[in-house]
Amino acid sequence: MEPVIQEELTGFGIAACATLAGVSYAEAQQKANALGIYATDTTLWSETEHVRTLLRELGISVSPKETPFEAWECLPDRALMAIKWRIEQGKPFWHWVVFIREHGEAKVLDSKKALKSNTRKDFGRIKPKWYIEILN
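Presented here is a report on the structure given in the accompanying data block.

Conventions adopted
- Residues numbered from 1 in each chain as written.
- Predicted model: local features only at pLDDT ≥ 70, side-chain atom pairs only at ≥ 80, totals over all residues.
- Heavy atoms only, no water.
- Helix = DSSP H or I, 4+ residues; strand = E, 2+ residues; numbered from the N terminus.
- Rg over C-alpha atoms; globule rule 2.2 N^0.38 Å.
- Buried < 20%, exposed > 50% of the residue type's maximum accessible area, 1.4 Å probe, protein only.
- Contact = heavy atoms within 4.5 Å.
- Areas by Shrake-Rupley, 256 points an atom, 1.4 Å probe, with all protein chains shown as cover.
- Lys, Arg positive; Asp, Glu negative; His and termini not counted.
- Charge placed at Lys NZ, Arg CZ, Asp CG, Glu CD.
- Axes fitted to C-alpha atoms, helices over the stretch in contact; angles between N-to-C directions.
- Parallel < 35°, antiparallel > 145°, perpendicular 65-115°, else oblique.
- Left-handed = near helix turned anticlockwise from the far one by under 90°.
- Nonpolar A, V, L, I, M, F, W, Y, C, P; charged D, E, K, R; others polar.

Quick look at the overall build of the protein
Phase 1 of the analysis: When its secondary structure is counted, the protein shows three helices and six strands.
Phase 2 of the analysis: Order of helices (α) and strands (β) in the protein, N terminus to C terminus: α-α-α-β-β-β-β-β-β.
Phase 3 of the analysis: The C-alpha radius of gyration of the protein comes to 14 Å, within 12% of the 14 Å expected for a compact globule of 136 residues.
Phase 4 of the analysis: For the protein, buried positions account for 48% of its 136 residues.
Phase 5 of the analysis: Across the protein, the fraction of contacts at a sequence separation of at least 24, relative to all contacts at a separation of at least 6, is 57%.
Phase 6 of the analysis: Accessible surface for the protein amounts to roughly 7000 Å². Of this, 51% is attributable to carbon and sulfur atoms.
Phase 7 of the analysis: Measuring between centres, the 18 positive side-chain charges of the protein sit 5 Å from its 18 negative side-chain charges.

See below:
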């Protein structure tokens, strides 16, 4: 699985969905927009329903619940993770990334354009709050 880079400043939720579905950012963005989901909508990174809806549209099944992060070793082989979690004006916000374990190797696929590498293994620097397990 390869990371999809976000093409909009706030497009990390769309990019994470594209990564999981194995499609381009443009394709995921087109599907999202057709569903009334736009990168500039703050609910895309302060609620889970928009990414869940987009993932369903892209053929990806996810757990109905968010699971608190405990340890990297406890994660399922594929998960959508909330990192950089914070409260702003009484509302939670976070950055979406994809966790994947392939061939015994764990990594985080981060869509942020400014990163030197979008495939991250610097687990000590990544502070997940919770995750949604990917079921298929």
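Considerations on the packing of helix H1 (residues 12–21) against helix H2 (residues 25–34)
Phase 1 of the analysis: Between H1 and H2, whose axes approach to 9 Å, the crossing angle comes to 115°. Considered as vectors, H1 and H2 are oriented roughly perpendicular to each other. Every pair of crossing elements has a handedness; the one defined by H1 and H2 is right-handed. Packed against H1, whose contacting residues are Ile-14, Ala-15 and Ala-18, the element H2 presents Tyr-25, Ala-28, Gln-29 and Ala-32 at the interface.
Phase 2 of the analysis: Here the contact of H1 with H2 is composed, by residue class, of six nonpolar, one polar and no charged.

Side note on the side chain of Ser-63
Phase 1 of the analysis: With respect to the helices and strands, Ser-63 occurs in the loop between helix H3 (49–57) and strand S1 (67–68).
Phase 2 of the analysis: Residues contacting Ser-63, with those up to four places away along its chain left out, are Arg-52, Ile-132, Glu-133 and Leu-135.

Keep in mind that these numbers describe shape and distance, not what the molecule does.
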